[in-house]
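# Reading the structure
Listed here are the chains, written in short residue letters.
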Amino acid sequence: MPIFNISNNIKEEFHYRYNIPYPIHIYRYAKTVNERRQLLDYMIKFNVLPSLDIIYIETINYCNLACSFCPVGEGQRINKATMSDELFDHILNLIGQITDKSKVTVCMNGHGEPLLDKDIFKRINKLKQFYPQFRTVLFTNTTLIQDRIDELVKSKLDYLMCDFYNEDDKTKCLELFNEYNIAYNKALDYWGNINNRLNVRYSEVYNTDKSFYNNRLGTVNVGPSDVVDEPCIFPFIQLPINVNGGIRYCCIDAMDKTVFDNVLNYNNILELWYSKLYNDIRCNLKDSKLKDTACRQCNNHDYLKFRLIYT
């Protein structure tokens, strides 16, 4: 049965799963909050959860910058940590059980600058060696890229996302890419139809409208002033794993306010994804994020306001 009216060209454009158009993409075209609730109700009622779309692996939880819109900048993170090799291997074993890896993005970031992790490219290469079908993505502030450029160009990374926080960083980084004959492209929404070495995209964060930012569940004072009463789809599509293996509701949670479980409690990815804990959270957020203590402080205006990686 149709969930709500959607044009045929949109249906044809995106993936089909479970004999209905891939839910996350339909969600993009839900024009009202009620339509979004209707879709999430449908998914819960008929147990039509989308396959994992994005996995975030936070291998390091601190940064070398001190941006006003981020709570984990230099001097702000009290308990700095790097993910252990044992935990990373456990995560690889879990996500390796995913059947259709080609439709899954593994973002090697959480809340921290990944190039501070001395083993970041070793980890990426290991993941791609075992599971080449995954699409791997790395976001960086580029301040350390000069020191890691040789590792970068030799790595098996699929996509590099460069966030420039000032014009000087942009100039230095793009000059370095030119020196190494690395093509790059400015991406308004990160994902574009380009095909170049490393698939480099960049954004000029310093030119970004401040309304784009969100308050990371109330931990920083940025973004819209209002909190909208609406559902949240993030727990239906994301698996954000922090540096200690904790599972967050979503990628916005920088300070672990929503950690509800740990990947170390599971040896089977389906048992994790369909766990009662996870489904209870989804049921709670399918009507309104105001039902959750942490989420009711979130001023991110749902999926359409947040940049995510999709094909």
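That block above? That's the structure.
We now turn to the structure provided with this report. Predicted model, so just to flag it, every value in this text is computed and none were measured.

### Considering unusual backbone geometry
The backbone phi angle of threonine 142 is positive, close to 70°, even though this residue is not glycine. The exposure class of threonine 142 is buried, given its relative accessible area of 6%.

### Brief notes about the side chain of lysine 170
Considering the arrangement of structural elements, one finds lysine 170 in helix H7 (residues 167–179). A distance of 2.4 Å separates polar atoms of two side chains, one belonging to lysine 170 and the other to glutamate 204. Excluding residues within four positions of it along the chain, lysine 170 makes contact with Phe164, Tyr202, Glu204 and Tyr206.

### Remarks on the side chain of glutamate 58
The residue glutamate 58 is located in the loop between strand S3 (54–57) and helix H4 (85–95) in this model. Looking at glutamate 58, the relative accessible area reads 1%, which means it is buried. A polar side-chain atom of glutamate 58 sits 3.1 Å from a polar atom in the side chain of arginine 248. Setting aside residues no more than four positions away along its own chain, glutamate 58 makes contact with Met83, Asn109, Gly110, His111, Ile241, Asn242, Val243 and Arg248.

### Observations concerning the pattern of salt bridges
Oppositely charged side chains may form a pair once their charged atoms are brought near each other. Going through the model one piece at a time under the given rule, you end up with 19 salt bridges. Note that arginine 36 and glutamate 230 form a salt bridge whose closest N and O atoms lie 3.7 Å from each other. Placement of the pair is arginine 36 in helix H3 (residues 33–45) and glutamate 230 in the loop between strand S8 (200–204) and helix H8 (234–237), with a sequence separation of 194 residues. Judged on exposure class, the residue arginine 36 and its partner glutamate 230 are both buried. For lysine 289, the salt bridge identified is with glutamate 230, shortest N-O distance 3.8 Å. Taken together, the residues span a long stretch of sequence, with lysine 289 in the segment after helix H10 (276–285) and glutamate 230 in the loop between S8 and H8 at a distance of 59 residues. In terms of burial, lysine 289 and glutamate 230 fall into one category: buried. Connected via shared salt-bridge partners are Asp41, Lys286, Asp287 and Lys291.

### Describing helix H6 (residues 145–154)
Considered for burial, the residues of H6 that qualify are Ile145, Arg148, Ile149, Leu152 and Val153. Looking straight down H6, one finds that the buried residues subtend no more than 150° of arc, so they occupy a single side. Exposed side of H6, more than 90 degrees from the buried face: Asp147 and Lys154 are the residues found there. Among the structural elements, helix H5 (120–130), strand S6 (159–164) and H7 are those in contact with the buried residues of H6.

### Quick word on H5
Every buried residue of H5 is accounted for by Ile120, Phe121, Arg123, Ile124, Leu127 and Lys128. Viewed along the axis of H5, the buried residues span an arc of 160°, placing them on a single side of the element. The exposed set on the far side of H5, more than 90 degrees from its buried face, consists of Lys122 and Gln129. Those residues of H5 hidden inside the fold are in contact with S3, H4, strand S4 (105–107), strand S5 (135–140) and H6.

Calculation rules
- Residues numbered from 1 in each chain as written.
- Predicted model: local features only at pLDDT ≥ 70, side-chain atom pairs only at ≥ 80, totals over all residues.
- Heavy atoms only, no water.
- Buried < 20%, exposed > 50% of the residue type's maximum accessible area, 1.4 Å probe, protein only.
- Helix = DSSP H or I, 4+ residues; strand = E, 2+ residues; numbered from the N terminus.
- Polar contact = N/O pair within 3.5 Å; in protein donor to acceptor, adjacent residues only side chain to side chain.
- Contact = heavy atoms within 4.5 Å.
- Salt bridge = Lys/Arg side-chain N within 4 Å of Asp/Glu carboxyl O.
- Arc of directions from axis to C-beta.

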